Each structure stands twice: as C-alpha cells, then as structure tokens.
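Examination of the molecular architecture
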Amino acid sequence: MLTSLLDLRPSAVRNGRRLAAVRDRRVRGLVAAAYRDVAFYRRAFDAAGVRPEQIRGVADLERLPVVEKSDLRAAELTDRLARWARPERLISHHTSGSTGEPFQILRTRYEEYLLQAYQHRSNVLNGLRRKDARAYDVGMGFDPRWIHRWGVLPAFAVDPVNDAEGTIAEIRRRKPAAFITRPNTLHHAAQAIERAGGLGHQLRFVLSGGEVLEPSVRRYAEHIFGCPVVDLYGAHEVALIAFECARCRGYHVLDDSVVVEVLDGDRPVAPGEVGDAVVTALHSYAMPFIRYRLRDRIRRPVDPPPCEWAFQTIEQPQGRRLDPLRLSDGTSVPAHRLMHAVRELEGVARYQVRQEQPDLLHIPYVALPQASGGLGAEIEAALRAYVPASVALRVEEVDDLPFNKAGKHVTVLGYDRLRKE
Ligand SMILES: [Zn+2]
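Residues numbered from 1 in each chain as written. Predicted model: local features only at pLDDT ≥ 70, side-chain atom pairs only at ≥ 80, totals over all residues.

In terms of helices and strands, the protein carries 13 helices and 21 strands. Over its C-alpha atoms the protein spans a radius of gyration of 22 Å, differing by no more than 12% from the 22 Å that the globule rule assigns to 421 residues. The dimensions of the protein, computed from C-alpha atoms along their principal axes, are 65 × 55 × 45 Å. Restricting to contacts in the protein with at least 6 residues of sequence separation, those with at least 24 account for 61%. (Helix = DSSP H or I, 4+ residues; strand = E, 2+ residues; numbered from the N terminus. Rg over C-alpha atoms; globule rule 2.2 N^0.38 Å. Contact = placed C-beta atoms within 7 Å.)

Attention shifts here to the domain arrangement of the protein. Entries for the protein in the domain assignment read domain 1 (2-111 + 236-314) and domain 2 (325-420). For domain 1 versus domain 2, the distance between C-alpha centres works out to 34 Å. (Domains from an automatic or database assignment.)

Here we come to the sheet that holds strand E3 (residues 134-137). The strand order across the open sheet built from 8 strands is E4-E3-E5-E6-E7-E8-E9-E14, with neighbouring strands paired in mixed fashion. At either end of the open sheet lies a strand with only one pairing partner, and these are strand E4 (155-158) and strand E14 (313-314). Bridging between strand E8 (residues 239-244) and strand E9 (residues 251-253) involves 3 bridges; their strand directions are antiparallel. The residue bridging Ala242 from the neighbouring strand is Val253, located in E9. Across the sheet, helix H8 (residues 164-174) is in contact with E3, E4 and strand E5 (178-181); its angle to E4 comes to roughly 160°. (Pairing = 2+ DSSP bridges. Axes fitted to C-alpha atoms, helices over the stretch in contact; angles between N-to-C directions.)

On average, residues of the protein score 87 in pLDDT, and 91% of them reach the 70 mark or higher. Mean pLDDT across the elements of the protein ranges from a minimum in helix H7 (residues 144-150), with 53, to a maximum in helix H3 (residues 39-48), with 97. (pLDDT = per-residue confidence, 0-100.)

Another point: the environment of Gly166. Inspection of the secondary structure assignment puts Gly166 in helix H8. Residues Gly166 and His236, 70 residues apart in the sequence, show an inter-C-alpha distance of 28 Å.

A few words on the sheet that holds strand E13 (residues 292-299). The 4 strands are arranged E11-E10-E12-E13 in an open sheet whose pairing can be described as antiparallel. Two strands in the sheet have a free side with no partner beyond their single neighbour: strand E11 (267-268) and E13. Pairing between strand E10 (residues 258-264) and strand E12 (residues 274-281): 6 bridges, direction antiparallel. Looking across to E12, one finds that Val260 is bridged to Val279.

This part is about the packing of H8 against helix H9 (residues 183-195). At their nearest, the axes of H8 and H9 sit 10 Å apart, and the two run at 75° to each other. Taken together, the axis directions place H8 and H9 in an arrangement best described as roughly perpendicular. Residues Ala164, Glu165, Thr167 and Ile168 of H8 form the contact with H9, whose participating residues are His188, Ala189, Ala192 and Ile193. Across the contact of H8 with H9, the residue classes tally to 5 nonpolar, 2 polar and 1 charged. (Parallel < 35°, antiparallel > 145°, perpendicular 65-115°, else oblique. Nonpolar A, V, L, I, M, F, W, Y, C, P; charged D, E, K, R; others polar.)

Grouped together as the largest cluster of nonpolar side chains are 107 residues, with contacts concentrated most on Ala178, Val206, Ala221, Ile241, Val258, Val279 and Ile290. The residue makeup of this core includes at least three contributed by each of domain 1 (2-111 + 236-314) and domain 2 (325-420). Beyond its immediate stretch of four places on either side in the chain, Val258 contacts Val238, Ile241, Val253, Val279, Thr280, Ala281 and Leu282. (Core = buried A, V, L, I, M, F, W, Y, C linked by C-beta atoms within 7 Å. Buried ≥ 20, exposed ≤ 12 C-beta atoms within 10 Å, placed from the backbone.)

Two elements in contact, helix H11 (residues 335-343) and helix H12 (residues 375-384), have axes whose closest approach is 9 Å; the angle formed by their N-to-C orientations is 145°. As for the relative orientation of H11 and H12, their crossing is right-handed in sense. Contact residues: H11 offers Leu338, Ala341 and Val342, while H12 offers Ile379, Ala382 and Leu383. Looking at the contact of H11 with H12, its residues break down into 6 nonpolar, no polar and no charged. (Left-handed = near helix turned anticlockwise from the far one by under 90°.)

Note that an α-helix has 3.6 residues per turn; residues three or four places apart therefore point the same way. For helix H2 (residues 16-37), with 22 residues, the first-to-last C-alpha span of 31 Å sits near the 32 Å given by 1.5 Å per residue. Every buried residue of H2 is accounted for by Val22, Arg26, Val27, Leu30, Val31, Ala34 and Tyr35. Against the buried residues of H2 lie H3, E10 and E12. (Expected span 1.5 Å × (residues − 1).)

The complete set of buried residues in H3 reads Phe40, Tyr41, Ala44 and Phe45. Viewed end-on, H3 has its buried residues packed into an arc of 120°, placing them on one side of the element. Facing away from the buried side of H3 by more than 90 degrees, the exposed set consists of Asp46 and Ala47. Check the buried side of H3 and you find it contacts H2 and helix H5 (77-80). Of the residues flanking the end of H3, it is Gly49, one or two places downstream, whose phi is positive at about 70°. (Arc of directions from axis to C-beta.)

By secondary structure assignment, the location of Arg43 is in helix H3. Classification of Arg43 as partly exposed rests on a count of 13 C-beta atoms within 10 Å. Separated by 36 residues in sequence, Arg43 and Asp79 place their C-alpha atoms 9.8 Å apart.

Neither face of E5 is left uncovered, since the one carrying Ala178 and Ile180 and the one carrying Phe179 and Thr181 both have all their residues buried. Sheet topology places E3 next to E5; 3 bridges connect them, and they run parallel. Residue pairing across strands places Ala135 opposite Phe179, the latter belonging to E5. For E5 and strand E6 (residues 205-208), the ladder comprises 4 bridges, and the chain directions are parallel. Considered in E6, the bridge of Ala178 is made with Phe205. Handedness of the crossover joining E5 and E6 through H9 is recorded here as right-handed. (Right-handed = clockwise from strand over helix to strand, strands pointing away.)

Here it is in structure tokens:
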C-alpha cells in the first residue's frame with residue numbers, strides 16, 4: 001500500500017525503466033490474485049491453458065484471453081468478485097452503456113482512493129498545486145467530499161447543467177484554480193458565462209473528461225474561460241486512463257495504474273493504426289479487469305512528442321466504436337466518417353446525426369457565437385462527401401440539443417437505435 005503511494009511522486013514517473021518495472025510487478029501480482037480469488041478469471045485462464053506464473057509482466061499479457069464486456073455481463077456478480085470481497089462494503093459504479101443495460105463495477109474504498117490519487121497526480125503533473133481549490137461538476141459521478149473528508153484537497157461540487165447561475169456564483173465566491181467537467185456541460189457552462197458577461201474569476205485550467213472533447217467545444221471554452229482546457233480520458237471500469245499533457249499535448253497513459261493495449265480483434269496494431277483500447281486495471285483486486293476491451297477507438301502516435309514524463313502516449317481518443325448506418329439499398333455509411341466530417345468545422349459547438357428514415361439524415365446543430373452564416377451549408381457539403389445522393393440531408397440550426405437519460409450527448413444515432421428510444 002505504501003509503495004503504491006510512494007510511486008505516485010512525480011519523480012517516480014521521470015524514469016521509464018523504473019516505471020516498466022513497477023508495471024511488470026503489478027501485472028504479476030494482479031494476475032496471480034485474480035487466478036487465486038476470482039472464479040471468472042480462473043476459468044478463463046484455465047480455458048486458455050495459461051498458468052498465472054507464466055505471466056511475468058506486461059509483455060506476457062498477450063497470452064491471456066481478451067475479455068469482452070458481454071462475457072462479464074453474462075457471469076454472476078459473485079464470479080466476477082474476489083472471494084474475500086463483500087459487495088455491501090464496496091463502492092459501486094454503474095454504467096449504462098450503449099445497450100442501456102446497467103453494468104455494476106465495484107471497488108474497495110482503498111482502491112477508490114488510490115485511483116483518485118492517480119487522477120490527482122495527473123493534475124499535479126499539469127501544474128495544479130496542493131492548496132488549489134477545484135470545482136467539480138456533479139455530473140462527473142464523483143463525490144469530492146471523500147477527498148474533502150480526507151482533508152487533502154479543497155474541492156466543492158457545482159451543477160452547471162441544472163444551475164448554471166449558481167455555478168457561476170459559487171466559482172466567483174470560492175475562486176477555484178480548476179473546473180472539472182464534461183465536454184457537453186462545458187459547452188452549457190460556457191454559454192451561461194457568455195450570457196452573464198464573463199465568469200469574473202480567472203481559472204488556471206479547465207479539466208474535461210467523460211466524453212470525447214470536440215475541437216470546436218475546446219476552442220469555444222478556451223475562448224470563454226481564457227485558460228487551457230485539458231482533456232482526460234477514462235472509463236468507469238478503470239477510472240482515469242490517460243491525461244492530456246500541458247507540456248507536450250500528447251495524452252499520457254497512466255502506465256503505473258493501467259496497461260493499455262491497442263488491438264484489432266486479438267491482434268496488436270502498429271503505431272499510427274486505430275484499434276480498440278484493451279485495458280488492464282493494475283489496482284483493481286476486488287473486481288479485476290484484465291485485458292478488458294473497451295469500445296473506445298484509440299491510436300498510438302508514430303512519433304510520440306518528447307516529454308519529461310516517461311509515460312507512453314496515445315493520440316486523442318476518438319470515442320466509441322459506432323455501428324454503421326444501414327441504408328435501404330443494403331449499403332452502409334461509416335458513422336465515424338460523419339463525425340470526423342463535422343467535428344472539425346470551426347463554428348460547430350454541438351451536433352447530432354439522426355437517421356430518422358433509412359435514407360433521411362437529420363442533422364440538428366448548435367452554432368458557436370462566432371460561426372459564419374453559411375455553416376449549415378458547410379455541414380451539408382462535409383457530410384455529402386460520405387453520403388450517397390440517394391440519401392436526403394436535413395441540416396438545421398437549433399438553440400440546444402438535449403442530453404439523453406444518462407446525461408450524455410449521443411452524436412450519431414442510427415435508425416434502429418432511434419426507433420428504440
Ligand atoms: Zn507530456
């Protein structure tokens with residue numbers, strides 16, 4: 001326990017060899033414990049014919065099977081939990097996921113604190129100081145009172161979605177250094193601040209996590225807040241995975257907390273190629289996640305930017321793998337192409353692609369204040385490059401786009417999914 005905390009010192013992440021040794025040691029410990037204590041992993045490793053002692057470090061992980069979320073969903077909760085774990089004493093996180101089925105993630109209080117400490121360290125590496133107050137968006141699903149009770153960090157919660165005015169007032173009163181929020185909420189908050197004629201307090205940075213940070217939202221928020229927006233990439237199963245580095249602008253993987261592989265199916269892909277993020281949570285023993293496939297699409301850079309921190313680097317994650325939109329003639333349009341086409345357009349704050357009929361796409365969008373009057377036509381032209389002429393496009397400027405029940409903004413909604421909603 002103490003060694004875990006000592007490894008959190010910034011000095012510990014300047015030395016790549018030391019970091020690699022820490023990772024290997026943690027992989028060994030985790031795999032051995034999962035085999036000993038967790039029925040799901042014992043069965044999976046046995047079925048793959050692998051003994052835990054054959055896994056000596058990160059390089060051996062590829063001998064273990066990749067675990068899909070559907071595999072874990074199909075297992076009994078008790079089979080996914082260490083036999084020593086008592087569910088009623090664990091901290092629970094729920095994810096809804098794209099299918100809407102809840103999925104429960106449990107951690108011990110110590111595991112939870114430790115993961116929060118790693119998140120805090122990433123902020124420290126980016127220049128946040130110990131005494132700096134921070135404002136947390138309640139929608140981050142994170143309760144700053146834990147840290148508060150610990151007496152370590154001054155933090156308070158704000159609710160920009162339901163109470164933008166209150167959020168502004170609270171930030172003015174308590175003068176935090178950082179505001180920690182989600183991209184969609186960030187956009188809401190920035191609009192409210194613009195209406196209020198400014199925040200009236202200079203933040204040092206805004207931290208954004210939980211969803212893909214669109215370049216357009218980042219530009220708008222940096223303009224309104226007058227400070228950098230630093231992006232965080234995480235998943236409920238493993239907490240923070242990578243943080244955007246204020247020095248080199250790469251996304252550093254928290255190598256001493258999570259192992260990230262980039263796979264196409266079961267095959268590792270080369271730098272520059274996009275693949276699924278497959279993660280191993282090095283500190284989760286109560287409910288392990290070992291070679292667990294997230295639906296996020298990520299890529300390692302061919303030339304990682306040089307940096308003082310010895311972490312590995314990925315490029316900005318591009319979000320979940322999306323199902324293609326099926327057209328009436330049996331062909332399909334890749335959803336991620338449509339996203340890429342729109343997200344880079346300067347004036348777009350938020351947008352949605354809704355396949356309301358098999359051959360009709362409705363694209364409501366919210367424009368940034370500085371957007372040109374021809375933005376709708378630009379969006380249509382950008383999309384048309386990927387959409388055949390047989391498909392009608394209806395591009396429409398709107399004042400606001402609703403969040404879904406999970407409080408998220410879904411960018412591309414296919415016909416099948418829309419009908420279910
Ligand atoms: Zn860096």
